[in-house]
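# Commentary on secondary and tertiary structure
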Amino acid sequence: MCRLVRAGNVTAGEGREDLDAKLAAFLAGGHIAELDLSTVVTLAAEALDLAPVQVYLADLQQRQLIPLTAPADPLPVDDSAGGWAYRKQSLHVEEGARDITVWLPLIDGAERLGVLAVPTPAVDPSFLLRSRALASLLAPLITSKRAFKDSVVQRTRTETMGLPAEMLRALLPPRTIGTPRIVSTAVMEPAYEIGGDAYDHALTTTTLHAAVVDAMGHDLSSGLTAAVALAACRNARRTGSDLSELTSAVDEALGAWLPDQFCTAVLIQLDLATGALRWINCGHPPPLLVRGPRLVSEAMEREPDVPMGLPALLTEAPRQVHQIALEPGDRVLLHTDGITEARLADGEEFGADRFAQAVIHAASTGEPAPETLRRLIHSVLDASENKLRDDATILLLEWNPPSTSGPAAE
């Protein structure tokens, strides 16, 4: 049990006034953008009377939590108190022999960035309030610094990244986006050698837009193909184009700029209010529908259209738009064929059946969607001894509309 004491001097009288003044001075400082992240963490913690603290950032594959500054050691995500806070996206109190460490997840919007460790001799309501305030303050600062501070990016890498992967990752949106109504989260492997896979997701007030792309080949030209496909898709989407117009925009862009390249893809639009899911499959593995603890067999299997970039060569038929009605709590997975084509230690393919079982097992834990997806991709990697023959990408979305029954609705 942790030791709980009543609030001390920082919650009343001059102590609280001093704390408020220090915090106001920190927030008003125009120099924050110029400072390195570790200095910002120190100053913010001091302003909230919480120093010393330690920030841990999740590595690219979400296996370790890497300390922002020495001398702390990396923590395993799957077997540590800090990892528990990261996995569950919840505060965790760890009591040691001499003091207590409170672990808080660092979450910017819906994206998990890492954890914050705050040591204390005892826990009280004021301490928890200030700790949560610090975590909320640091998360968007980390995201901001990551965009232009290489030192922050380097802390999340454990290997050297290939050039195609560097180019593609610079174009990707955050790994996880969402609201209480919808979460969309994605992973890509091999994390440091991605060549032609890419994903995209974006939210409007009414709709989730998402796509998974798999370009031909596994080199820089594949990365360029995926990059052009994403850019064309976004450009059309931001002018209000529908799904058919999005795919036409990609076809035209690839035909104009990379006429010898093509890519498979699934593009979707989800109506956040009704759960109506519309999608186009351009030569890609079909999406999977998970309802509760089970996989709904063949729920989204349709005859695929030709890959993007090829229609003019192969057919003049319009793209087929498909639709399905989701139920509250449904999860939909988009994936590339690198998942099912992964090889086991004995050389056998991982295959669609094993992937389906892995999906069911990951979904049965009841954990948040980002953690479900982390466990899912790790189960594939572990089974194949981290030796993938091709890029492997998964995007998972979960729809949770407000309840339409009960006292609140009435």
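Each chain carries its own residue numbering, running from 1 in the direction its sequence is written. pLDDT decides what is reported in this predicted model: residues at 70 or higher carry local features, side-chain atom pairs at 80 or more are listed and counted, and totals for whole chains, interfaces and linings draw on all residues regardless. Side-chain measures here rest on the full set of heavy atoms in the structure, leaving out hydrogens and waters.

Going by what an unreviewed UniProt entry lists, the chain is known as Serine phosphatase RsbU, regulator of sigma subunit and is assigned to Streptomyces indicus.

Fitted lines through C-alpha atoms give the axes, limited to the stretch in contact for helices. The angle between two N-to-C directions lies from 0 to 180 degrees. Strands are runs of DSSP state E lasting at least two residues, helices are runs of H or I lasting at least four, and both sets are numbered from the N terminus onward. Contact pair helix α2 (residues 37-47) / helix α4 (residues 125-148): the axes reach a minimum separation of 11 Å and the direction vectors enclose 165 degrees. On the basis of their axis angle, the class for α2 and α4 is roughly antiparallel. In the packing of α2 onto α4, the handedness of the crossing is right-handed. Taken together, the residues of α4 that come into contact with α2 (itself represented by L37, V40, V41, A44 and A45) are L134, L137, L138, L141, I142 and K145. Angles below 35 degrees are treated as roughly parallel, those above 145 as roughly antiparallel, those between 65 and 115 as roughly perpendicular, and all remaining angles as oblique. What makes a crossing left-handed is the near helix being turned counterclockwise from the far one by less than a right angle; a clockwise turn instead makes it right-handed. Contact definition: two residues touch when any of their heavy atoms are within 4.5 Å.

Here we come to the sheet that holds strand β9 (residues 197-203). Only when DSSP finds a minimum of two bridges between them are two strands counted as paired. Ordered in space as β9-β10-β11-β12-β15, the five strands form an open sheet in which the pairing is antiparallel. Both edges of this open sheet fall to β9 and β15 (322-325), since each of them pairs with a single strand only. Pairwise comparison of adjacent strand axes, ignoring direction, gives a mean angle of 15 degrees for this sheet. Of the strand pairs in this sheet, strand β10 (residues 207-215) and strand β11 (residues 263-271) are connected by nine bridges, and their pairing is antiparallel. Across the sheet, V213 pairs through a bridge with A265, a residue of β11. Those strands touched by helix α8 (residues 243-257) are β11 and β12 (276-282), and its axis lies near 155 degrees from that of β11.

Attention shifts here to helix α7 (residues 220-237). Expected helix span is taken as 1.5 Å per residue step, with the number of steps being one fewer than the number of residues. Over its 18 residues, α7 runs 26 Å from end to end, which matches the ideal 26 Å to within 8%, given 1.5 Å per residue. A 1.4 Å probe rolled over the protein chains alone gives each residue an accessible area, and that area as a share of the maximum for its type sets the label: buried under 20%, exposed over 50%, partly exposed in between. Those residues of α7 that sit buried are S222, G223, T225, A226, A227, A229, L230, A232, C233, R234, A236 and R237. At its buried positions, α7 is contacted by α6 (163-171), β9, β10, α8 and β11.

Our next topic: the sheet that holds strand β4 (residues 92-95). If you trace the six strands from one edge of the open sheet to the other, you get β3-β2-β1-β6-β5-β4, paired in antiparallel fashion. Where the open sheet ends on each side, the last strands, each with one partner, are β3 (75-76) and β4. Each of β1 (54-58), β2 (64-67), β3, β4, β5 (100-108) and β6 (111-120) is contacted by helix α3 (residues 81-88), which is oriented at about 140 degrees to β6, the strand it contacts most. Docked against the sheet, α4 engages β1, β5 and β6, running at close to 40 degrees with respect to β5.

Turning next to the packing of α6 against α7. Running from amino to carboxyl end, α6 crosses α7 at an angle of 10 degrees, the nearest separation of the two axes being 9 Å. Classed by the angle they form, the pair α6 and α7 counts as roughly parallel. For the pair α6 and α7, the contacting residues are L163, P164, M167, L168 and L171 in the first and L220, G223, L224, A226, A227 and R234 in the second. Residue classes follow a fixed rule: Ala, Val, Leu, Ile, Met, Phe, Trp, Tyr, Cys and Pro count as nonpolar, while Asp, Glu, Lys and Arg count as charged, and any other residue, Gly among them, counts as polar. Residues of the contact of α6 with α7, tallied by class, amount to nine nonpolar, one polar and one charged.

For the rest of this paragraph, the subject is the pattern of salt bridges. Opposite charge on two side chains allows them to pair when their charged atoms are near. The term salt bridge refers to a pairing of a side-chain nitrogen on Lys or Arg with a carboxyl oxygen on Asp or Glu at a separation within 4 Å. Summed over all chains, the structure comprises 16 salt bridges. Measuring nitrogen to oxygen at the nearest pair gives 3.2 Å for the salt bridge that ties R63 to D382. Note that R63 is positioned in the loop between β1 and β2 and D382 in helix α11 (residues 369-383), a separation of 319 residues in sequence. For D382, a relative accessible area of 48% corresponds to the partly exposed category. For the salt bridge of E398 with R331, the shortest nitrogen-to-oxygen distance reads 3.0 Å.

The next point concerns the state of the cysteines. Any pair of cysteine sulfurs within 2.5 Å is marked as a disulfide. Scanning the entire structure with this criterion turns up zero disulfides. Considering cysteine sulfurs only, C282 is the nearest to C263, which forms no disulfide, with 7.9 Å between them. Its relative accessible area of 0% is what places C282 among the buried residues.

To continue, consider the pairing of β1. In terms of burial, β1 is largely enclosed, as five of its five residues are buried. Burial along β1 is two-sided: the face carrying Q54, Y56 and A58 and the face carrying V55 and L57 are both buried. As judged from the four bridges shared by β1 and β6, these two strands associate in the antiparallel manner. Residue pairing for β6: V55 is matched across the bridge by L116. Inspection of the sheet shows β1 paired to β2 by three bridges, in the antiparallel sense. From the neighbouring strand, Y56 faces β2, where its bridge partner is P67.

Here we come to the packing of aromatic side chains. Two measures describe an aromatic ring pair: the distance that separates the ring centres and the angle between the ring planes. Any pair of Phe, Tyr and Trp rings, taking the six-membered ring for Trp, is counted once the centres come within 6.5 Å. Such a pair is stacked with planes under 30 degrees apart, edge-to-face with planes over 60 apart, and tilted for the rest. Taken as a whole and judged by the stated rule, the model has one aromatic pair. Centroid distance Y56 to W103: 5.7 Å. Interplanar angle 50 degrees. Geometry classified as tilted. Taken together, the residues Y56 in strand β1 and W103 in strand β5 connect sequence positions 47 residues apart. The class for Y56 is buried, based on a relative accessible area of 7%.

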